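# A closer look at the structure
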Amino acid sequence: MWTFFHKLGSPPWLYAIAGVVLRWLLPITLIALVGGMIWGVLFTAPDFRQGNSYRIIYVHVPAAVVALAGYYVMAIAGAVSLIWRIKMADVVMKAAAPVGAALAFIALFTGAVWGKPTWGTWWVWDARITSMLILLFLYLGVIALYEAFDNKEAAGKACAVLSLVGMVNIPIIYKSVDWWYSLHQPASIKFTGESTIDPSMLYPLLLMIAAFYALFTCCLLMNMRAELLQRESRTQWVKKIAAKEGKR
Amino acid sequence: MSLSTAGTPLLTAQSLGLVRGGRELFCELSVEVHGGQLWHIEGPNGAGKTSLLRILCGLSRYGFEGEVLRSVTPLYLGHQPAVKALLSPRENLQWHVSGEGLYRDERIDIALGRVGLCGYEDVPSHTLSAGQHRRVNLARLFLSSARLWLLDEPFTAIDQQGVNETQSLLASHVDGGGAVVMTSHQSLQVKCKVHTLSLRHGVIA
Amino acid sequence: MSAPHTGQFCVLLLRRQLLLAMRRPIDIANPLLFFTMVIVLFPLGLGPAPDKLASFAPGVLWITALLSNLLTSDAVFRSDFDDGSLEQLILAPQPLFLSALAYISAHWLTTGLLLALLSPVFALMLNLPGSALVTLVVSLLLGTAVLSLLGGIGAALTVGLKRGGMLISLLILPLYMPVLIFGSAAVQAAVTGAPSGPYLAILGAMLSLAIALAPLAIAAGLRISIDA
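Keep in mind that what you see is a predicted model, and the values were worked out from it rather than measured.

The rules we used
Residues numbered from 1 in each chain as written. Chains lettered and ligands numbered in written order. Predicted model: local features only at pLDDT ≥ 70, side-chain atom pairs only at ≥ 80, totals over all residues. Heavy atoms only, no water. Helix = DSSP H or I, 4+ residues; strand = E, 2+ residues; numbered from the N terminus. Rg over C-alpha atoms; globule rule 2.2 N^0.38 Å. Buried < 20%, exposed > 50% of the residue type's maximum accessible area, 1.4 Å probe, protein only. Contact = heavy atoms within 4.5 Å. Areas by Shrake-Rupley, 256 points an atom, 1.4 Å probe, with all protein chains shown as cover. Lys, Arg positive; Asp, Glu negative; His and termini not counted. Charge placed at Lys NZ, Arg CZ, Asp CG, Glu CD. pLDDT = per-residue confidence, 0-100. Salt bridge = Lys/Arg side-chain N within 4 Å of Asp/Glu carboxyl O. Polar contact = N/O pair within 3.5 Å; in protein donor to acceptor, adjacent residues only side chain to side chain. Nonpolar A, V, L, I, M, F, W, Y, C, P; charged D, E, K, R; others polar. Pairing = 2+ DSSP bridges. Axes fitted to C-alpha atoms, helices over the stretch in contact; angles between N-to-C directions. Core = buried A, V, L, I, M, F, W, Y, C linked by side-chain atoms within 4.5 Å. Parallel < 35°, antiparallel > 145°, perpendicular 65-115°, else oblique. Left-handed = near helix turned anticlockwise from the far one by under 90°.

Helices and strands together make up the secondary structure of chain C, namely 10 helices and 0 strands. Ordering the α and β elements of chain C from the N terminus gives α-α-α-α-α-α-α-α-α-α. Its C-alpha atoms give chain C a radius of gyration of 18 Å, near enough to 17 Å, the size a compact globule of 228 residues would have. Based on the C-alpha atoms only, the size of chain C along its principal axes is roughly 60 × 35 × 30 Å. Within chain C, the proportion of its 228 residues that are buried is 56%. In chain C, 81% of the contacts between residues at least 6 apart in sequence involve partners at least 24 apart. Accessible surface computed for chain C: about 8,600 Å², of which carbon and sulfur atoms make up 73%. Side-chain charges in chain C split into 9 positive and 8 negative, and the spacing between the mean points of these groups amounts to 2 Å.

Have a look at this one:
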């Protein structure tokens, strides 16, 4: 058992294990995503008030949920690399940042697309969208800080500190924005979505959320593999892989 | 010269290794520094002497292999003189951020006199030259009560008389039971035994 | 000569930073001048109608204070990094997070405090009702202290980078946002006659959290930056 964890600390083993996991996780993810989308789009009834445009929640909500969870993955990986000096945790953190940022962007984009037919505007400053925007800024800050350092080991440590600071701040930011929105909310229109959701809509949503978690993991693993290859580009095991790929 | 090697070493380095830019600067470097020893780290330019010194004093905490243990707080004089241009030399020493000690005026006067800055104690440091800044930094050696000194090129931009003064100071510090680890291009002309640490070959003498 | 104990050392650092700031008064005046000029931008951009200005005044004052604070944050550790004093500070036997707290306190005393005390002048220029002036000052006193602490984190992480400038803004503006929300809300409440106490209390809570945690992040950031 301990040897397994110990092996995770070595780049070629982590690369291989990630590859094995991807081999079965990728098909499952695709099936879940496609299945969930089909279920949500074709096999559920249109919403009472919003008609068919509500179906975007099958992408919007999972993206938002996983974008937030992804930040915690990144911050915890950063903490592990900082406190226990495990170098591979550094790789996880660096790989998670762009994936999480992309999901946050997808959530914002789909939120805007949802807004247009429903409320007539491309952008509304409601609590969730605003919080997601701030989350995107937090992600971009981590990515920018990483790129600014020449010494990549220092970059990893700095980003770990920044992600932890962000992690502490996220509940504060979310609560503040929630509160801010309730203060300034125009009395007539309520932008926040349904608080009660019909079970027939809930189950495909849950499936999509699970599918997005799996998608995050797949993207994370693929990114990690790429990062490992880049970091270890001068070692033997990478040269062997490059030679093998070159022959194909 | 009988070395006071009894007791714990002031500084222990075990199997230090450093790779920078694909080049291995040093590996499996181990050294024990006891009171009463003067260590000279030698190596060509860019060989990693400053990096080694930074690892030994604790500024570099990761990115290298091996372990460093210090049993005392060292005094470190690095490449930069740590002199604030807006403060006078006296104020720089009085308000020094190394947290070492609160020095009385007379001691500061004596120290600045010893480094050849008599009469310059209270002028703003931005009027002083780079060499004079380095001498203000060296004045700390006369004030400090730290047992272990880690010095990076302490003789840079100092004239010959200053170099002689400093070398005799190092010798007397070592005689008094302190230890010095330093890098220098120049060969040392000190009255005590000099231990040499080569980056490539480890402990030579 | 024994090493000064931690309290003495922090006081020494505080006095040193204040002395350095006072030797270069233009560095203290610059953020205040910036604040003034940005305040002038708002009537120029929005039109001088008094009631319109008054309705935006709480937000405008707070946003401008935030931007001024952002500008000065970068410089907290930079000069010490450039001349090698930061290395010495890190090697000092006293706890680095308390030293960092001393630096940030000096920063706040020379930026946020002055801004808060001068804010009523600008508030009157924007037609903020007199009843809200005390709340404005208190909210800025508490808020700029939090901003200084958060700015210190950004400064510590970027002090070793050559192109620090814009990056520090990207890092700390998201963290500034909750402070802005409650700070301007406090002033807005005072304008409408509602109790502003709860908002000020929340700012106080943020300050307590920041004082407790930010110095640790700052110390970690400084160690990382000096080693890079």
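What follows is about the confidence of the model for chain C. Of all residues in chain C, 99% attain a pLDDT of 70 or more, and the chain-wide mean is 92. Across the whole predicted complex the pTM is 0.91, and at the interface the ipTM reaches 0.92.

To continue, consider the interface of chain C and chain B. With 34 residues of chain C in contact, the opposing surface of chain B contributes 33 residues. Along the contact surface separating chain C from chain B lie 4 salt bridges. In this structure, the connection of chain C to chain B is made through 14 residue pairs in polar contact (both at pLDDT 80 or more). When residues of the side of chain C that touches chain B are traced back to their parent elements, those giving at least two are helix 1 (6-23), helix 4 (78-83), helix 5 (85-91) and helix 10 (197-227) of chain C. Ranked by residue count, the leading element in the side of chain C that touches chain B is helix 1 of chain C, at 9 residues. Its residues placed into classes, the side of chain C that touches chain B shows 17 nonpolar, 7 polar and 10 charged.

Residues and elements named next belong to chain B. Within the open sheet, the 6 strands sit side by side as 5-6-7-3-8-9. Their pairing is mixed. Either end of the sheet is taken by a strand with one partner, and the two such strands are strand 5 (75-77) and strand 9 (202-203). Two strands pair when backbone bridges link them, and strand 3 (residues 38-42) and strand 7 (residues 179-183) are joined in this way by 4 bridges, in the parallel orientation. Bridge pairing links L38 to V180 in strand 7. Across the sheet, helix 1 (residues 49-57) lies against strand 3, strand 5, strand 6 (148-152), strand 7 and strand 8 (194-198), angled at about 155° from strand 6, the strand it touches most. Sheet strands touched by helix 5 (residues 160-175): strand 3, strand 6 and strand 7. Its angle to strand 7, the strand with the most contacts, is close to 145°.

If you look at the biggest cluster of nonpolar residues, it comprises 179 residues, and the most contacted ones within it are L145(A), L56(B), V181(B) and F77(C). Residues contacting V181(B), with those up to four places away along its chain left out, are L11(B), V33(B), W39(B), I41(B), L53(B), L56(B), L148(B), W149(B), L150(B) and L151(B). Membership of the second largest hydrophobic core comes to 32 residues, among which are L38(B), L112(B), F142(B) and L151(B).

We now examine the packing of helix 8 (residues 133-158) of chain C against helix 10 of chain C. Residues and elements named next belong to chain C. Two elements in contact, helix 8 and helix 10, have axes whose closest approach is 7 Å; the angle formed by their N-to-C orientations is 20°. When the axes of helix 8 and helix 10 are compared, the pair comes out roughly parallel. Where helix 8 crosses over helix 10, the two elements pack in a sense that is left-handed. For the contact of helix 8 with helix 10, the per-class residue count stands at 18 nonpolar, 7 polar and no charged.

So, about the packing of helix 3 (residues 57-83) of chain A against helix 4 (residues 87-119) of chain A. Residue and element names in this part refer to chain A. Running from amino to carboxyl end, helix 3 crosses helix 4 at an angle of 160°, the nearest separation of the two axes being 7 Å. Considered as vectors, helix 3 and helix 4 are oriented roughly antiparallel to each other. Regarding helix 3 and helix 4, the two cross each other, and that crossing is left-handed. Considered class by class, the residues forming the contact of helix 3 with helix 4 number 19 nonpolar, 6 polar and 1 charged.

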